[in-house]
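Residue-level listing of the chains:
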Amino acid sequence: MSSEAHTSAGYIKHHLQNLTYGQLPDGSWGIAHSAEEAKAMGFWALNLDTFIMSLLLGAVIMFLFRSVAKNITAGVPSGLQNFCEWSIEFIDSSVRGSFSAKNDMVAPLALTIFFWVFSMNLMDLLPIDYVPLLMSALGVPFFKIVPSTDPNATFGMAIGVFLLVLYYSVKMKGLGGFVGELTLQPFGKWGMPVNLLLEGVNLIAKPISLALRLFGNMYAGEMIFILIALMGGAWAGASLGGVTLYGSQILLSLGWAIFHILIVTLQAFIFMTLTVVYMDMAHQEHH
Amino acid sequence: MNINATLLAQTIMFALFVWFCMKFVWPPIVAALEQRKKQIADGLADAERAKHDLELAAKRSAEILREAKEKAGEIVTHGEKRASEIIEEAKVQAKLEGDRLITGAKAEIDQEVFRAREQLRTQVSAIALAGAGKILGREIDAKAHNDLLDKLVAEI
């Protein structure tokens, strides 16, 4: 652990710092050892922790589903197959509820988003110090295990969704139709600049809100875990206040973690539902 | 917390996962679900049909039973009728046979009577002849007087 981890601010900063791989100030490529170094790397750097964790989680999820899909039977289902079938039916009914056009891609998209985001969010429930401590013991300076607290991950997904929305908008309505949708309403063709401004904001707001909602919620949740952990860390000696703080850290962590289960699931569900809704809007003609 | 190339990596990863899910995960599971749905629907339809068939079979068996009973009753009545007929016939036959026997017996009796009479007649003639011989005190030549005797016999 770096020396700055010993103060409260340092502790927080340490927990919020990604493990970044990029070009160091001296020109060589490597892992940044401080926030300043990471910042100085500019755009062409990779947050290894986010990348590894999300890849790992996504791969595990896909492997689970794939292993079920490979040996699936139409007879009496058992174990994991029950769970997968339940998930598929749950996703399918949500998609049917808000997506009216026909597109075989939307339901798998929703499934992927839900379980991927859910698993990434779920990492938030692991004790916040264990993995970073383990990693620093291995000589890795930072490790953020919750990929969805990294805006790169949430924006990455939101951009993917946004590209799909653009693609299907153009495919379904034609380029003219899509441009018309952006420019000819709500004020008719004489209000074109205003229309473009309004509709453009409307369009851009979709991925931004999608990404920021997830990021904000998970980041805030992580922040509260950090603050609760700080509270327990603030005890000095075996004073009454110290013991009280330590005890309340346990209770508060427990309470917040239980509450967080709801947020973890809800945010994954919201991300999925909004994606489906945006896809539905992309498929629909404006009337 | 900087925006960097992780963004692109995440977008690509996302696309790959979605593609994988769309290609290898979703279709087989949904197909299995559909198949099971169909199996269950078929099963229910079969059960319904079997129930219907059972009802029909029960109805038919009751009908067959009823018919069989009717027929059995008919056969019994018929048999009874036939039996009384046979008895009647036998009675008539027996009567006829009896009558025939009686007639036969009567004829035989008549014949016997006739024969006895004939015998008696001859014997009477012989007796008469013997009597007459005795009366005459001499032997009558039976041969010479046969004609006469026959006439006598016929008169008796």
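Rules used throughout
- Starting afresh in each chain, residues are numbered from 1 along the sequence in its written order.
- Each chain is given a letter, starting from A, and each ligand a number, starting from 1, according to the order in which they appear as written.
- In view of the model being predicted, local features appear only for residues whose pLDDT reaches at least 70, and side-chain atom pairs are presented and counted only at 80 or more, with totals across whole chains, interfaces and linings using the full set of residues.
- By this definition, two strands are paired if DSSP reports at least two bridges between them.
- Labels follow the DSSP assignment, with helices taken as runs of H or I lasting at least four residues and strands as runs of E lasting at least two, numbered in each case from the N terminus.
- One fewer than the residue count of a helix, multiplied by 1.5 Å, yields its expected span.
- Once C-beta atoms are placed from the backbone, each residue is buried if 20 or more other C-beta atoms lie within 10 Å of its own, exposed if 12 or fewer, and partly exposed for counts between those two.
- Here, residue contact means that the backbone-derived C-beta atoms of the two residues sit within 7 Å.
- Note on scores: pLDDT gives the predictor's confidence for each residue, bounded by 0 and 100.

### A word on the sheet that holds strand β2 (residues 29-31) of chain A
Residue and element names in this part refer to chain A.
Reasoning step 1: In spatial order, the strands read β2-β1-β3; together these three strands make up an open sheet with antiparallel pairing. Because the sheet does not close on itself, it has two edges, and the strands there are β2 and β3 (46-47).
Reasoning step 2: Bridge analysis of strand β1 (residues 20-23) against β3 gives two bridges, and the strand direction is antiparallel. Residue pairing across strands places threonine 20 opposite asparagine 47, the latter belonging to β3.

### What to know about the pairing of β1(A)
All names here are of chain A.
Reasoning step 1: Across three bridges, the pairing between β1 and β2 is antiparallel. Following the sheet pairing, tyrosine 21 is matched in β2 by isoleucine 31.
Reasoning step 2: With antiparallel pairing between neighbouring strands as the criterion, β1 and β2 make up a hairpin whose turn holds five residues, including glycine 27 at a positive phi of roughly 95°.

### Points about helix α3 (residues 48-70) of chain A
Reasoning step 1: Given a rise of 1.5 Å per residue, 23 residues ought to cover 33 Å, and the 32 Å separating the end C-alpha atoms of α3(A) matches this to within 8%.
Reasoning step 2: Buried within α3(A) we find A:Asp49, A:Thr50, A:Phe51, A:Met53, A:Ser54, A:Leu57, A:Gly58, A:Ile61, A:Met62, A:Phe65, A:Val68 and A:Ala69.
Reasoning step 3: Contact partners of the buried residues in α3(A): β3, α4 (80-98), α5 (106-122) and α7 (151-183) of chain A together with α1 (6-136) of chain B.

### Comments concerning the confidence of the model for chain B
Reasoning step 1: Confidence in the prediction of chain B, expressed as mean pLDDT, is 89, and 94% of residues score 70 or more.
Reasoning step 2: As scored by the predictor, the complex reaches a pTM of 0.75 and an ipTM of 0.87.

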